[in-house]
Amino acid sequence: MNAKVEAPAFRFDAIKWLLVVAIVAAGVVANSQFADVALLYRVLGMVAAGLVAVFIAVNTAKGAAFWGLMKEAQVEVRKVVWPTREETNQTTLIVLAVVLVMALILWLIDTVLGWLASLIIG
């Protein structure tokens, strides 16, 4: 017997998204209206409003899917084998050498074509 797992029912998603937009808009308006209040308090208010908006957004279908994607991405980042400092330095030096060689080649081509153009034009 395979039990079918149902996704949680996300009710009132449209209303939740409207509420998120309203909170963000209210934060922007409040920030400009209270310009004379200390910056620290305005920033704290915006952070609080942002956290409330994110909490509401995560409780929607799309928000939950995005949150799941972020969790999966974090797991994948942990699986990455990052290069050592020595490998990073070697790769950087190789890239710099290739850039310098290409710059010299392009400079030479530009010089030769400029010289040829001046011979033709006079």
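Remember, it's a predicted structure, so these values are computed and weren't measured experimentally.

Rules used in this analysis
- Residues numbered from 1 in each chain as written.
- Predicted model: local features only at pLDDT ≥ 70, side-chain atom pairs only at ≥ 80, totals over all residues.
- Heavy atoms only, no water.
- UniProt positions renumbered as here; feature names shortened; annotations may be inferred.
- Helix = DSSP H or I, 4+ residues; strand = E, 2+ residues; numbered from the N terminus.
- Salt bridge = Lys/Arg side-chain N within 4 Å of Asp/Glu carboxyl O.
- Buried < 20%, exposed > 50% of the residue type's maximum accessible area, 1.4 Å probe, protein only.
- Polar contact = N/O pair within 3.5 Å; in protein donor to acceptor, adjacent residues only side chain to side chain.

Notes on the UniProt feature "transmembrane region" (unreviewed entry) in the protein chain
Part 1 of the reasoning: In the numbering used here, UniProt assigns the "transmembrane region" (unreviewed entry) feature to residues 14-32, 39-58 and 93-121.
Part 2 of the reasoning: Strand forms 0% of residues 39-58 and helix 100%; the C-alpha atoms that close the span are 28 Å apart.
Part 3 of the reasoning: Secondary structure over residues 93-121 splits into 100% helix and 0% strand, and the C-alpha atoms at its two ends are 41 Å apart.

Some details on the pattern of salt bridges
Two side chains bearing opposite charge may form a pair once their charged atoms approach each other closely.
Part 1 of the reasoning: Applying the stated rule across the entire model yields one salt bridge.
Part 2 of the reasoning: Residues Lys79 and Glu76 are paired through a salt bridge, measuring 3.3 Å at the closest nitrogen-oxygen approach. Remark: Glu76 and Lys79 occur in helix α3 (residues 61-79); sequence separation between them is three residues, near one turn of the helix.
Part 3 of the reasoning: Overall, the relative accessible area of 45% leaves Glu76 in the partly exposed class.

Points about the side chain of Thr60
Part 1 of the reasoning: Mapping Thr60 onto the fold places it in the loop between α2 (39-58) and α3.
Part 2 of the reasoning: A relative accessible area of 0% means that Thr60 is categorised as buried.
Part 3 of the reasoning: Among the polar contacts made by the side chain of Thr60, one reaches the main-chain amide nitrogen of Gly63 at a distance of 3.1 Å.

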